[in-house]
Amino acid sequence: MKIRLDILRRESGETEPYLQSIMFETEDENATVATALSEINKSEGIRDLNGKRVKPIRWECSCLQKKCGACAMVINSHPQLACNARLKDCEKNGCIKIEPLRKFPVVQDLVVDRSVMFENLRLMNVWFNEQTKADEGSAEISYEASRCLQCGCCLEVCPNFYAGSEFFGTSAMVPITRIISELPEAQKKEILKAYREHGYSGCGKSLACRNVCPAGIDIDRLLVNSNAAAVWRRKIGGRNKKK
Amino acid sequence: MNRINIVGAGLSGLSAAITLAENGVPCNLISLQQSERAQSVLAEGGINGALNTMGENDNTENHFNDTIKGGVFLADPNAVDGLTKGAPGIIRRLEGIGVPFNMKDGEIVLRNFGGQKKKRTAYARSSTGKIIMSAVIDEARKHEHSGMIKRYPHHEFIRLLIKNGSCTGVRIRDSYSGKFADFKGIVILASGGLNGVFPGMTTGTTQNSGDVTATVFSQGVILGNLEMLQYHPTTVGISGKRCLVTEAARGEGGRLYIERGGEKWYFMEEKYPELKNLMPRDVVAREMFFVRRDGECGDQVYLDMTGLPEDTWKNKLSDLREEIIHYLSIDPKTAPVPVKEGIHYFMGGIDTDINHRTNIENLYAAGECACQYHGANRLGGNSMLGALYGGRTAANAIIDGIKNKTGFSDEEPEFLDISDEPFAKEASSVLIEKISEILLGGLGIVRNENDLKNSLEKLSELEKKPRNEREKNRIALAFAMLLSALERKESRGAHYREDFPEKDESFRKSGLAVFDDGKIRIEYREIPERRSE
Ligand SMILES: Cc1cc2nc3c(=O)[nH]c(=O)nc-3n(C[C@H](O)[C@H](O)[C@H](O)COP(=O)(O)OP(=O)(O)OC[C@H]3O[C@@H](n4cnc5c(N)ncnc54)[C@H](O)[C@@H]3O)c2cc1C
Ligand code: SF4
Ligand code: SF4
Ligand code: FES
């Protein structure tokens, strides 16, 4: 398999981005974009399509098995995990376009600074103030909400999210559902308020985020549950906790 | 006084940070990437603790005995005593921060796991590590909000600052800006296993490059039991790594075979009629090696799961099936899967005492980067426990030594451009691959003096060329690993020498690698007696 990778590169956030094409050849029919990037970087003397020597491509990875969210990028206009994107599935006429996620500041090449996602979780107070315990009723919801990779793919497609906005997007609404599923009495007001302010009210329900989650999280089910508690003041999955 | 500096934000680093914060001691939590990307999220099977919820009369003494026996009497019994006694409390604490363990009738369900006689492993379906991490990360976030924990989540360890034999801090680099800063104060290393020493050959993450351990070794930190690498028998090669095929695949009826004379030979079933494919990990891995080496056999072992009932695929192994189809384009329901052993865990690492102190004053180590609790082999489910307990123990030791918990300086050191930092330049990936190849030649599943000496010779060749500091450190670490395996002239746990196939009591000692004045030597230290109550 011979693939031309068109990579949107950039020295830093301050310089202009440019498209660079690099050929990648492999026998491995299951090779992913992650394979291609690491193989290219390992080769001695990387050259672009014109034979010009180019620098290694900077990108992030860690687990290489779609469990850590590090390698999220935009591949052929779709946000996804590079380690999950098989070349044979992505290529169109032997080409694949690779760009960094667009909602975050670029550090270099395909590396973006996703700090805002983590900062937003802090601003929403996503934690338990006191001891809690997942019971059999809430465990399902809690488990699903705990699976979020903080990859940022959902934010990429969301029409309402931008870095710095008051709306924090699915990547915040999913983890906060873990807290809501237990709903400790002492934190109830503040948590539901945060959910309404930074989640529910800013979400246009366009559902664009539903099909991109690489973890396959059942976002609908989680948000129905949280909406019920925060907006309709009902509990579906878990139970209300009295102290 | 300065904030405590923790290098690594996986389970052990987080555990240390939370413990410090709860006790009024602020810290800096430094990691290459966010906690969500740490290897700890990959753990699947579970975490051990004698909660005794299954009506099997389990207790912490049983857990102690299984751990010591699993480690073939090489672990420090006093450390293991603390670990196993602390385990139920650790799992209860996780429950208390909302970890949704599998439950039945309001109690945590425990499962069987290799090497343990009782059901003792708590789990959250097949993603225990990820689910625990999410809760622990939330808990740490609470203390980030209060300022007790300050994160540096895209920052790389460069080297320790050492003065007169004592650790005075750590130099780090912001990987976004490229600038360096010196963080003064006590340091806890929680930087994970040595995956990067064997690129593509381990089941763990690429993030744990091994650079931290290699660097501190060259700075005089003593390492222990480096020859103890745990190989998992059933892994599949996917792009860039080995992917674990859970033991449950064999537990549910998966069978290993190799082609011999045009026929399938189910060697485990013939050689071990009682336990068959469910022999301990190291035995299975070794047998796979032997049949592959056998001239009459093919060179690929397969895991045959084609006979498994529909129900098992649907209810128990659906994730596994999906994964194998996705990565290998093989449907394990209808075709055998090629498997090979992969490096799964590093029992050896930075040598510590029972309080996680290293040989350097004010330097601690915990989690997989440390050599503690697991002796010559680790039980599945004991490493997450060791990471959580170890991080907490290190933090507590530090807390005990602080007399005045007020007056922590909150000044952030300035990040500066440094052009001549010798430890900053990366090791070349070509060299890393070469070292890995040499190491695997000596440190395979079955070892012998010839292969080890051969590898040492090749390594000496590499040493002759000019190298940057990180490259020199990696070569030194590789020497230490090979020498550790060469000197241990016995077979014990994960270390199998075909020229010394028996266990030898005179080697029931911790092997220590010491880097002194550019020279490496291997020493041995007695295993202490267990203190009576
Ligand atoms: C596939 C798989 C399945 C497993 N299943 C289980 C199981 O079921 N039960 C069990 O108990 N154990 C299991 N383990 C083992 C267990 O996951 C690990 O041993 C444990 O999580 C290690 O935690 P840690 O905190 O020591 O390190 P890690 O979680 O690896 O964290 C290391 C940290 O160090 C940082 N770091 C590394 N290098 C640098 C550097 N140069 N500069 C700055 N920071 C750095 C990283 O960013 C990271 O934050 C499994 C492991 C794997 C790979
Ligand atoms: S439903 Fe639409 S607006 Fe709401 S989070 Fe998803 S993409 Fe954004
Ligand atoms: S919800 Fe899904 S897409 Fe969004 S950050 Fe979490 S894992 Fe990624
Ligand atoms: S490297 Fe972890 S998700 Fe791709």
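Cut-offs used in this document
- Residues numbered from 1 in each chain as written.
- Chains lettered and ligands numbered in written order.
- Predicted model: local features only at pLDDT ≥ 70, side-chain atom pairs only at ≥ 80, totals over all residues.
- Heavy atoms only, no water.
- Helix = DSSP H or I, 4+ residues; strand = E, 2+ residues; numbered from the N terminus.
- Buried < 20%, exposed > 50% of the residue type's maximum accessible area, 1.4 Å probe, protein only.
- Contact = heavy atoms within 4.5 Å.
- Areas by Shrake-Rupley, 256 points an atom, 1.4 Å probe, with all protein chains shown as cover.
- Lys, Arg positive; Asp, Glu negative; His and termini not counted.
- Charge placed at Lys NZ, Arg CZ, Asp CG, Glu CD.
- Expected span 1.5 Å × (residues − 1).
- Near = heavy atom within 4 Å.
- Nonpolar A, V, L, I, M, F, W, Y, C, P; charged D, E, K, R; others polar.
- Domains from an automatic or database assignment.
- Buried area = accessible area lost by both parts, 1.4 Å probe.
- Salt bridge = Lys/Arg side-chain N within 4 Å of Asp/Glu carboxyl O.
- Pairing = 2+ DSSP bridges.
- Axes fitted to C-alpha atoms, helices over the stretch in contact; angles between N-to-C directions.
- Core = buried A, V, L, I, M, F, W, Y, C linked by side-chain atoms within 4.5 Å.

A. Here's a closer look at the overall build of chain A. Within chain A, the secondary structure is distributed over eight helices and seven strands. If one aligns the C-alpha atoms of chain A with their principal axes, the spans along those axes are about 70 × 35 × 30 Å. The 243 residues of chain A split such that 58% are buried. In chain A, of all internal contacts separated by at least 6 residues, the share reaching a separation of at least 24 is 66%. Carbon and sulfur atoms provide 48% of the accessible area of chain A, an area that totals close to 10,400 Å². Side chains of chain A give 37 positive and 31 negative charges; the mean places of these two sets differ by 5 Å.

B. Up close: helix H8 (residues 219-230) of chain A. All names here are of chain A. Relative to the 16 Å expected for 12 residues at 1.5 Å per residue, H8 spans 16 Å between its end C-alpha atoms, a close match to the ideal helical length. Every buried residue belonging to H8 is among Ile219, Leu222, Leu223, Asn225, Ser226, Asn227, Ala228, Ala229 and Ala230, and all of these are buried. Buried residues belonging to H8 abut helix H4 (136-146), helix H6 (170-180) and helix H7 (188-198).

C. Focus on the site of ligand 2. Every one of the 14 residues lining ligand 2 counts as a neighbour, but Cys158(A), Cys203(A), Ser206(A), Leu207(A) and Cys209(A) are closest to it. Residues that form the shell around ligand 2 fall into these classes: eight nonpolar, four polar and two charged.

D. Just the domain arrangement of chain A, in detail. Residues and elements named next belong to chain A. What the domain assignment lists for chain A is domain 1 (2-112) and domain 2 (115-239). Listed by partner, the interface residues are 13 residues for domain 1 and 14 residues for domain 2. At the boundary of domain 1 with domain 2, total buried surface from both sides reaches about 1,100 Å², with 64% on carbon and sulfur atoms. In terms of surface lost to domain 2, no three residues of domain 1 exceed Pro79, Lys103 and Phe104, which account for 56% of the buried area on that side. Our enumeration of links across domain 1 and domain 2 arrives at one salt bridge. Secondary-structure elements contributing two or more residues to the side of domain 1 that touches domain 2 are strand S3 (72-75) and strand S4 (78-81). When residues of the side of domain 1 that touches domain 2 are assigned to their parent elements, the largest contribution, three residues, is made by S4. Class assignment for the residues of the side of domain 1 that touches domain 2 results in seven nonpolar, two polar and four charged.

E. Representation of the sheet that holds strand S13 (residues 223-224) of chain B within the structure. Residue and element names in this part refer to chain B. The strand order S22-S20-S13-S23-S24 describes an open sheet built from five strands, whose pairing is mixed. The open sheet terminates on both sides in strands that have one partner only, identified here as strand S22 (370-371) and strand S24 (519-526). Relative to strand S20 (residues 349-351), S13 runs antiparallel, the two being bridged by two bridges. From the neighbouring strand, Leu223 faces S20, where its bridge partner is Ile350. Across the sheet, helix H14 (residues 469-487) lies against S13, strand S23 (509-516) and S24, angled at about 45° from S24, the strand it touches most.

F. View of the nonpolar core. Residues and elements named next belong to chain A. Counting 75 residues, the largest nonpolar core has Leu5, Val33, Trp59 and Met73 as the members making the most contacts within it. At six residues, H6 tops the list of elements feeding residues into this core. Formed jointly, this core draws a minimum of three residues from each of two domains, domain 1 (2-112) and domain 2 (115-239). Discounting chain neighbours no more than four positions away, the residues touching Met73 are Val33, Leu37, Trp59, His78, Pro79, Gln80, Ala82, Ile98, Glu99, Leu101 and Leu110.

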